[in-house]
Every structure is written in structure tokens, then in C-alpha cells.
Amino acid sequence: MPKKPASSSRKKFLAKVRRRLEEMKEKILAEMDQANRSEREGLKDEGMDTYDLASEERDREISFILSDRERAKIGAIDDALERLGDGTYGVCESCGLEIGEERLEALPFTRLCRDCQQDLEREARTQRRSEDERGVYRKFGSTEADEENT
Ligand SMILES: [Zn+2]
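Analysis parameters
- The written sequence of each chain sets the order in which its residues are numbered from 1.
- Residues qualify for local features only when their pLDDT is at least 70, as the model is predicted, and side-chain atom pairs are given and counted only at 80 or more; totals for whole chains, interfaces and linings, by contrast, use all residues.
- Counting from the N terminus, the helices are DSSP H or I runs at least four residues long and the strands are E runs at least two residues long.
- Labels follow a simple rule on C-beta atoms placed from the backbone: if 20 or more others lie within 10 Å of a residue's own, it is buried; if 12 or fewer, it is exposed; otherwise it is partly exposed.
- Two residues form a contact once the distance between their C-beta atoms, set from the backbone, is within 7 Å.
- Residue-level confidence of the predictor, termed pLDDT, takes values from 0 up to 100.
- Each helix should span, by expectation, one fewer than its residue count multiplied by 1.5 Å.

Even after reading the chapter, I still don't get the overall build of the chain, so can you show me in this structure?
Looking only at helices and strands, the chain features six helices and zero strands. Reading the chain from its N terminus to its C terminus gives the helix and strand order α-α-α-α-α-α. A total of 150 residues make up the chain; the buried ones form 6% of that total. Within the chain, contacts between residues at least 6 apart in sequence are counted, and of these 55% link residues at least 24 apart.

Okay, here's the thing in C-alpha cells:
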């Protein structure tokens, strides 16, 4: 493992982040499970006999019932957990420096340090301005970059 060892306080902090992310995920899944259950009970009251499903099938239903927003959130959590696992979590993707713990507390899914984020936002603003000036002359090819910024 060639990567430099994290300090023990950083390790402690990352362990805390991991617990927090796992709790967040569990909470979302539990809420979805709850919503799924009450929906099924509602169906049962109406006399539908579809409640007796195999648990495997029920699990599928739970993931089916997840809204896009919750799915995106779980995706972000899984992604962060994966990065915690391979040691890239909390390291800025742009400059490679450790992201401040305060920032990670506030934005646990961030991939950029404060400086790089600000640079990016400034760049996006400049880009938007020049695109406005170009107006109708915008090329179709630029929509891909637009999607990444939203
Ligand atoms: Zn950075």
C-alpha cells in the first residue's frame, strides 16, 4: 500500500464519518421499509391478498419504492463508504490535499477542498457569463458540460 498513512486523529475522524454515513443509510432504508409496509397494509385493508410475498421479493419492492432523491442519497453514501474503504475519502480530487474535517462534517459527500470548490464555482460563473454573451450561438456539444454543473 503506497499511500501515506493517515494520522491517528484523522483515522478516528474517518471512523466517525463512516459510522455517521452508515447510520444515515440505515435510517433512509428503515424509513422506506416503513413506508412500504404501511402501503402494503393499506392494500390489505382493501381486501387484496398480495401481502404474503417472499422476503426476497419484498426487498426488491423496497428498493423499487425508493424515490429518485433517496436513491441518489444512498448512492452518494455508498460512494463515500467506498472511498472510505479505499482510502481516497477526504482527499481533494483536484489538488490531492486532505479536506478539512470541518468541511467534511458539513458536507460529508464532498470530493473537493474549499479552495478547489471555490475555483470551480468561479469558473462555472465565468463560463455561464460567456455563454450568455454567445447566446444563440451556443453549440449543441456544450450540453454535456452543462449537465455536469447542475
Ligand atoms: Zn483541492
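Help me understand the confidence of the model for the chain in this model?
It should be kept in mind that the predicted coordinates are not to be read in detail where pLDDT is low. Here the chain averages 80 in pLDDT, and 69% of its residues register 70 or above. Mean pLDDT values for the elements of the chain range from 48 in helix α6 (residues 143-149) up to 95 in helix α4 (residues 101-106). With pLDDT under 50 throughout, residues 142-150 is counted as low confidence; its partners more than four residues away or in other chains account for one contact.

Hey, could you run me through helix α3 (residues 68-86) in this one?
Structurally, the α-helix is built with 3.6 residues per turn, so residues lying three or four positions apart point the same way. Between its terminal C-alpha atoms α3 stretches 27 Å, which fits the 27 Å expected from 19 residues at 1.5 Å a residue. Taken from the residues just after α3, G87 is the one with a positive phi, measuring 85°.

What am I meant to see in helix α5 (residues 114-134) here?
For α5, with 21 residues, the first-to-last C-alpha span of 30 Å sits near the 30 Å given by 1.5 Å per residue. The buried fraction of α5 is low, at zero of 21 residues.

Hey, could you run me through the environment of T88 in this one?
Residue position: T88 is located in the loop between α3 and α4. For T88, a count of 12 C-beta atoms within 10 Å translates into the label exposed. Through-space distance from the C-alpha of T88 to that of R111 is 9.3 Å; in sequence the pair is 23 residues apart.

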